[in-house]
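Chain residues, written in single-letter form:
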Amino acid sequence: MDKAKRKAVIAGNWKMNKTPKEATALLNAITPLVKDADCEVIACVPYVDLAAAIEATAGTNVKIGAENCHWAESGAFTGEISTGMLKEIGVEYVVLGHSERRQYFGETDETVNKRTKAALAAGLKPIVCVGELLWERECDITEEVIARQIKLDLWDVSEEELKNVVIAYEPVWAIGTGKTATADQAEEVCAFIRAQLAKLYNQAAADAVTIQYGGSMNDGNADELLSKTDVDGGLIGGASLVAEKFAAIVAAASK
Ligand code: PEP
């Protein structure tokens with residue numbers, strides 16, 4: 001399948017930024033700037049901002065995502081949020097396995113897999129993040145790391161469910177560091193991810209999956225990154241907090 005047939009997806013990952021009032025103000029600035037986008041536009045926001053974000057984007061083309069979810073439907077999991085809670089308020093996407101969750105909060109491929117399956121079962125669309133550490137790249141095991149993450153994170157996810165999964169390739173050394181992978185490095189790993197998906201499922205299923213690049217993507221480098229055959233979109237941290245920068249990335253993905 002050629003790239004033009006895949007859905008380009010630009011998602012902001014706000015991380016632990018913006019109060020509900022600030023979220024409304026930022027989304028009110030973003031929505032008019034991206035109203036003609038020819039790609040999926042998503043803002044993934046902190047839990048307490050979700051209701052305000054859904055209200056601020058009602059009737060617009062901007063979709064709202066959460067930054068995590070638990071795999072259990074309910075129960076004794078203090079501090080966690082279930083897929084049902086997210087669905088009920090109108091959340092459509094959820095970021096899972098972000099490197100900051102893996103690095104600081106003990107997230108493993110096993111828990112990413114449990115969350116992914118729960119999200120899909122609830123009708124949420126997971127954005128599953130994979131990526132190598134700098135040290136792993138230097139030791140030349142990037143492909144090994146990515147192959148393992150893809151296999152484990154998507155374990156027991158059916159071909160039908162895969163249609164609702166977005167994969168984000170985020171080299172950990174490029175996140176929030178200002179160091180972007182070159183467009184060729186991003187393409188190399190995104191193409192490798194697609195090849196792994198073809199092995200685990202089949203070529204047609206792999207060709208249909210949206211694969212994003214994430215890691216210091218901004219209004220200056222988005223054009224080149226998004227021009228690559230297997231880079232179908234972006235997961236954007238820092239630049240998603242500035243309406244004009246985020247809108248410029250959306251415009252680059254809409255070309
Ligand atoms: C991210 O948080 O997923 C990310 C890619 O951050 P940044 O764009 O700031 O590197």
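These figures come from a predicted structure and were not determined experimentally.

**Student:** Describe unusual backbone geometry, naming the residues involved and giving the relevant values.
**Tutor:** The phi angle at Lys 15 is positive, at roughly 55°, despite the residue not being glycine. Looking at the element boundaries, Lys 15 is found in the loop between strand S1 (9–13) and helix H1 (20–33).

**Student:** Which residues make up the nonpolar core, and what values do they have?
**Tutor:** One finds Ile 10, Leu 154, Ile 167, Ile 193, Leu 197 and Tyr 213 to be the most contacted residues of the largest nonpolar core, which totals 68 residues. With 8 residues, the single largest contributor to this core is helix H9 (residues 183–200). By size, the runner-up hydrophobic cluster in this structure holds 11 residues, among which are Val 9, Ala 11, Cys 44 and Ala 168.

**Student:** Describe the pairing of strand S7 (residues 210–214), naming the residues involved and giving the relevant values.
**Tutor:** A large share of S7 lies buried, amounting to 5 of its 5 residues. Residues of S7 alternate between two faces, with Thr 210, Gln 212 and Gly 214 on one and Ile 211 and Tyr 213 on the opposite face, all of them buried. By the bridge criterion, 4 bridges tie strand S6 (residues 166–169) to S7 in an arrangement that is parallel. Paired with Ile 167 across the bridge in S7 is Ile 211. Here 3 bridges tie S7 to strand S8 (residues 233–236), and the two strands are oriented parallel to one another. From the neighbouring strand, Gln 212 faces S8, where its bridge partner is Gly 233.

**Student:** Go over the packing of aromatic side chains, please, and point to the residues and values.
**Tutor:** This structure, assessed with the given rule, holds 2 aromatic pairs. Considering the side-chain rings of Tyr 104 and Phe 105, the 6.4 Å spacing of their centres and the 90° angle between planes classify their relative orientation as edge-to-face. The burial state of Tyr 104 is the same as that of Phe 105; both residues are exposed. Here the guanidinium or amino end of Arg 101 rests over the ring plane of Phe 105, the centre of that ring lying 4.2 Å away.

**Student:** Explain the site of the ligand residue by residue, including any values.
**Tutor:** Inspection of the region around the ligand gives 14 residues, with Lys 15, Glu 170, Gly 176, Ser 216 and Gly 237 positioned closest. Contacts to the ligand include Asn 13, whose side-chain N or O atom sits 3.1 Å from an oxygen atom. Here His 98 contributes a side-chain N or O atom positioned 2.9 Å from an oxygen atom of the ligand. In the complex, 95% of the free accessible area of the ligand, which totals 290 Å², lies under the protein chains. Residues of the shell around the ligand, tallied by class, amount to 4 nonpolar, 8 polar and 2 charged.

Parameters and conventions
Residues numbered from 1 in each chain as written. Predicted model: local features only at pLDDT ≥ 70, side-chain atom pairs only at ≥ 80, totals over all residues. Heavy atoms only, no water. Helix = DSSP H or I, 4+ residues; strand = E, 2+ residues; numbered from the N terminus. Core = buried A, V, L, I, M, F, W, Y, C linked by side-chain atoms within 4.5 Å. Buried < 20%, exposed > 50% of the residue type's maximum accessible area, 1.4 Å probe, protein only. Pairing = 2+ DSSP bridges. Phe/Tyr/Trp six-rings, centres within 6.5 Å; stacked < 30°, edge-to-face > 60°. Lys NZ or Arg CZ within 6 Å of the ring centre and 35° of its normal. Near = heavy atom within 4 Å. Polar contact = N/O pair within 3.5 Å; in protein donor to acceptor, adjacent residues only side chain to side chain. Areas by Shrake-Rupley, 256 points an atom, 1.4 Å probe, with all protein chains shown as cover. Nonpolar A, V, L, I, M, F, W, Y, C, P; charged D, E, K, R; others polar.

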